[in-house]
Amino acid sequence: MDSVEGEGRTAPAGAGAGAGEWEREPHPSDSLRTFGAVVQALREHAGLSREEFADIVRFSKHTVASVELGRRMPDDSFVERGEQATGGTGALRKASRHLTRGEPGLAAWFRRWARLEREAVSLCTYECRLVPGLLQSEAYARALFENRIPLLTDEQLEAQVEARLERQRMMRERPTVPFSFIVEEHVLWRRFGDAEAMRGLFDHVLELTAPRNVTLQVVPLEAGLHPCLDGPVQVLETPEGRRLAYSEGQENGRLISDPKEVRLLCHRYETLRSQALHPKESRALLERLRGEA
């Protein structure tokens, strides 16, 4: 599996759910589409190409396109710089107040978990295949989706990259929620792109895991076999104190609510946490790998 965490995949044939339930992605919300149309109209009225506008607002042209297509919730900084770039009419500020988040690029089976993530009071993630979706750099996520089989259209690819980056906003917006990540060392050795892209990935992971509420631990190669080798898993706690888990395989994902099964997964995670490198040692390893990229 090459996309991780249910973002932007269809269900396999015979999945046992109705076709509507397994649609690739919902349509963008009306508010996002309307805001995007306003951005495009004001940009064009100002005589700016997407590339020129992107330089002014300091976002990529792909992000500008995604906002204009109604596929991405704009950052506050995007709105403010966009205001300045288009004459300061106040139209973007006023329109942004009515935005509601959609869920573009998320597979049907992952949407419920994505909503639970946004409300969770803690989130633990173990990954043995790829850098976790919440820590991926844009270049890393883009490379994953570019290698999808079957191939994605440009529009599908952009929607899925933006969905992944949108999920990462949750970590920045919730500085008091504990986020724990355990990642196998071999995941960090898997190369993509050139040296600059690899350094960009390490920089991105180091930045996102620097806050006090975020913990990253690496399972070293010499750790040998351990109890989590059945596959990646995520565990969260709801505001009501309930624990839920999520596991994913080829073209499917499963939300786990059975208390006995969730307790077992929590026990495996805590056991692996004790076997992984200390967070300071893990950061030192990342910094070393960055220097060697």
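Values in this document were obtained by computation on a predicted structure and should not be read as measured data.

K.L.:
Could you give an account of the sheet that holds strand β6 (residues 252-256), naming the residues involved and the relevant values?
P.N.:
The sheet built from six strands is open, its strands ordered β3-β2-β1-β4-β5-β6 with mixed pairing. The sheet terminates laterally at β3 (214-219) and β6, the two strands that pair on one side only. Looking at each pair of strands side by side, their axes are set apart by 10° on average, direction ignored. With five bridges connecting them, strand β1 (residues 122-127) and strand β2 (residues 179-184) associate as parallel partners.

K.L.:
Residues and numbers for the pattern of salt bridges, please.
P.N.:
Applying the stated criterion across every chain yields a total of 17 salt bridges. As a salt-bridge pair, Glu44 and Arg43 come within 4.0 Å of each other at their nearest N and O atoms. Classification of Glu44 as partly exposed rests on a relative accessible area of 47%. Arg169 is the partner of Asp75 in a salt bridge, and the nearest nitrogen-oxygen pair spans 3.3 Å. Placement of Asp75 in the loop between α3 (61-68) and α4 (76-85) and of Arg169 in helix α8 (residues 154-173) is noted, with a sequence separation of 94 residues between them. Linked by salt bridges that have partners in common, Arg43, Glu44, Arg50 and Glu68 make up one network.

K.L.:
Any chance you could break down unusual backbone geometry for me, citing the residues and the numbers?
P.N.:
Here the bond from Ile149 into Pro150 is cis, since omega is 0°, no more than 30 degrees from zero. Relative to the helices and strands, Pro150 resides in the loop between α7 (138-146) and α8. Of note, the phi angle at Arg58 is positive, near 65°, even though the residue is not glycine. Summarising the element assignment, Arg58 is placed in the loop between α2 (50-57) and α3.

K.L.:
Account for the environment of Gly241, naming residues and giving values.
P.N.:
You can see Gly241 is positioned in the loop between β4 (233-237) and β5 (243-249). In the structure, Gly241 is positioned 120 residues away from Val121 in sequence and 8.4 Å away in space, judged by C-alpha atoms.

K.L.:
An account of α2 is requested, with residue identities and associated values reported.
P.N.:
Buried within α2 are the following residues: Phe53, Ala54 and Val57. For α2, the angular spread of buried residues about the axis comes to 105°, placing them on one side. Buried positions along α2 lie against α1 (30-45), α3 and α4.

K.L.:
Quick one: what's the story with the environment of Glu158, residue by residue and with numbers?
P.N.:
When you line up the elements, Glu158 lands in helix α8. Residues Glu158 and His62, 96 residues apart in the sequence, show an inter-C-alpha distance of 7.1 Å. Once residues lying within four places of it in the same chain are set aside, the contact partners of Glu158 are His62, Ser66 and Arg142. Reaching out from Glu158, the side chain makes a polar contact with the side chain of His62 at a distance of 3.4 Å.

K.L.:
Run through α4, naming residues and quoting values.
P.N.:
Of all the positions in α4, only Phe78, Val79, Gly82, Glu83 and Ala85 are classed as buried. For α4, the buried positions fall inside an angular range of 160° around the axis, keeping them on one side. Counted as exposed and oriented over 90 degrees from the buried face of α4: Asp76 and Gln84. Taken together, the buried residues of α4 touch α1, α2, α3 and α5 (91-96).

Conventions adopted
- Residue indices follow the written sequence of each chain, beginning from 1 at its first position.
- In keeping with the predicted nature of the model, local features appear solely for residues at pLDDT of at least 70, side-chain atom pairs appear and are counted solely at 80 or more, and the whole-chain, interface and lining totals rest on all residues.
- Water and hydrogen atoms were dropped before computing side-chain values, which therefore reflect all heavy atoms in the structure.
- Between any two strands, pairing holds if DSSP finds at least two bridges.
- In this description a helix means any DSSP run of H or I spanning at least four residues, a strand means any run of E spanning at least two, and both kinds are numbered starting from the N terminus.
- Fitted lines through C-alpha atoms give the axes, limited to the stretch in contact for helices. The angle between two N-to-C directions lies from 0 to 180 degrees.
- Salt bridges are defined by distance alone: a side-chain nitrogen of Lys or Arg within 4 Å of a carboxyl oxygen of Asp or Glu.
- The buried label applies to any residue whose accessible area, calculated with a 1.4 Å probe on protein chains only, is under 20% of its type's maximum; exposed applies above 50%, and partly exposed to all values in between.
- Arc, as used here, means the arc of the directions from the helix axis to the C-beta atoms.
- Contact definition: two residues touch when any of their heavy atoms are within 4.5 Å.
- Contacts described as polar in this section are N or O atom pairs within 3.5 Å, which, within protein, must combine one atom able to donate a hydrogen with one able to accept it, while residues neighboring in sequence count only if both atoms come from side chains.

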